[in-house]
Amino acid sequence: MAAQESSIITESLENLQKVDKNVVQEFLEDLVPDVLNFSVQVVLAVLLYLIGKRLISFLRKFLRKSLERRNVDIEVRQFLDSVGKYSLYFVLWLMILTLFGITTASVIALLGSAGLTLGLALQGSLANFAGGVLILLLRPFHVEDYIVSSATGHEGIVKEISTFYTRIQTADNQTVMIPNGKLADGAIVNVTGQQTRRMDIVVGIAYSADLLKAKKLLSDLVEKETRKLSDQPVNIFVSNLAESSVELGCRFWVKSEDYWQTRWDILEAVKLLFDENDIEIPFPQVDVHMK
């Protein structure tokens, strides 16, 4: 009886080993083609990405040159180049996904079903895209213009207008990326939008100073300024009778690129000239009387 039971157990173990071997063999036979197929798909995806990347670079270069030949504004060229870049890369990734069995219809259906969620998640990006379109349509500034954004508090020279951001370079050589939505939603001051600018300088003199002499000195100083536009009027006038000073106003016109350097030079020259001629420039002070 014991021998019979031992024989049965041995036979069962042998059958179990045969089953295990068959299962492992079938698993490996199924796994190897899948691994090979997936490896081929990965290699094809990498090759497609590399080829697509070079093709996108070629198409972008072709687009830029075509727009340059048609004398399209540089900000429009930059914006269209940015839009084309994102669009072409989106198509490229759709093609790569199809290699792994994901159809374009499935991706579009997924995007459609998740449209509300994506819309809420990307509302900032959509607002920036719309802001970029408004900037290109209204053209409040161009590349290389110096702008001041009241909405963000930043100012500098515009270097690039892309799909979602406008890149500016500040006076101290910092790069600032301003979202197009915020930039288009606030007031924009285009400092260099015109070729000429009016210089407005106000200088206070003491009430005891010789007013006519101060006006004459200021007028002679401006007349000697070589950067002043000779075809524009020069005005020297009493701007205000303030609490502790008589404010003299001085107005003349210069080229936009000469504005700041001329202003700094004139202010320094006024101080030195008034000091030489005993024209007092008052400053806030307190008189204390002791009884």
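Scroll up a little and you will see the structure.
Since the structure is predicted, the reported quantities are computational estimates derived from the model, not experimental observations.

## Some thoughts on the overall build of the chain
Helix and strand content of the chain: eight helices and eight strands. Sorting the 291 residues of the chain into buried and exposed places 24% on the buried side.

## A short note on the sheet that holds strand β8 (residues 246-255)
Spatial strand order, β6-β8-β7: three strands in an open sheet with antiparallel pairing. Each edge of the sheet is formed by a strand with only one pairing partner; in this case those strands are β6 (196-205) and β7 (235-241). Taking each pair of neighbouring strands and ignoring which way they run, the sheet shows an average axis angle of 30°. Here helix α7 (residues 211-223) sits on the sheet in contact with β6, β7 and β8, set at roughly 10° to β8. Running over the sheet, helix α8 (residues 259-276) touches β6 and β8 and is turned about 25° from β6.

## Quick word on the layout of surface pockets
Think of a ball as big as a water molecule: rolled over the atoms, this probe shows where empty space is left. Considering only enclosed or pocket space, the largest pocket measures out at about 190 Å³ in volume. Together, 14 residues line the largest pocket, and Tyr 146, Thr 192, Ser 256, Glu 257 and Trp 260 are the ones closest to its centre.

## Quick notes on a positive patch on the surface
On the surface, a cluster of positive charge is contributed by Lys 61, Lys 65, Arg 69 and Arg 70. Among the residues examined, Lys 65 registers a relative accessible area of 46% and is labelled partly exposed.

## Comments concerning the environment of Trp 93
With respect to the element layout, Trp 93 can be found in helix α2 (residues 74-99). A residue is classified by how much of its surface remains accessible, and Trp 93, at 46% relative accessible area, is partly exposed. Spatially, the C-alpha atom of Trp 93 lies 9.5 Å from that of Leu 48, the residues being 45 residues apart in sequence.

## Describing the nonpolar core
Core analysis: the largest hydrophobic core is formed by 21 residues, its most contacted members being Ile 205, Cys 250, Phe 252, Val 270, Phe 274 and Ile 279. Elements supplying a minimum of two residues to this core: β6, α7, β8 and α8. With sequence-adjacent residues up to four places away left out, Phe 252 is seen in contact with Arg 197, Arg 198, Met 199, Val 222, Lys 228, Pro 233, Val 234, Thr 262 and Ile 266. Formed by nine residues, the second largest nonpolar core is a distinct cluster that contains Ile 161, Ile 168, Val 176 and Leu 183.

## Let's talk about the sheet that holds strand β4 (residues 175-179)
Strand order across the open sheet formed by five strands is β4-β3-β2-β1-β5, with antiparallel pairing between neighbours. Each having just a single partner strand, β4 and β5 (188-190) make up the two edges of the open sheet. On average, each strand axis in the sheet is inclined to that of its neighbour by 40°, with strand direction left out of account. Two strands pair when backbone bridges link them, and strand β1 (residues 146-149) and strand β2 (residues 155-161) are joined in this way by three bridges, in the antiparallel orientation. Within β2, the residue paired with Tyr 146 across the bridge is Ile 157.

Criteria and cut-off values
- Residues numbered from 1 in each chain as written.
- Predicted model: local features only at pLDDT ≥ 70, side-chain atom pairs only at ≥ 80, totals over all residues.
- Heavy atoms only, no water.
- Helix = DSSP H or I, 4+ residues; strand = E, 2+ residues; numbered from the N terminus.
- Buried < 20%, exposed > 50% of the residue type's maximum accessible area, 1.4 Å probe, protein only.
- Pairing = 2+ DSSP bridges.
- Axes fitted to C-alpha atoms, helices over the stretch in contact; angles between N-to-C directions.
- Contact = heavy atoms within 4.5 Å.
- 1 Å grid on protein atoms, 1.4 Å probe; cavity = no way out; pocket = protein on both sides within 12 Å on 5 of 7 lines; lining within 4 Å.
- Points joined across faces, edges and corners; volume = space filled by probe spheres on them.
- Patch = residues over 30% accessible without salt bridge, like charges linked within 9 Å, V, L, I, M, F, W, Y side chains within 5 Å.
- Areas by Shrake-Rupley, 256 points an atom, 1.4 Å probe, with all protein chains shown as cover.
- Salt bridge = Lys/Arg side-chain N within 4 Å of Asp/Glu carboxyl O.
- Lys, Arg positive; Asp, Glu negative; His and termini not counted.
- Charge placed at Lys NZ, Arg CZ, Asp CG, Glu CD.
- Core = buried A, V, L, I, M, F, W, Y, C linked by side-chain atoms within 4.5 Å.

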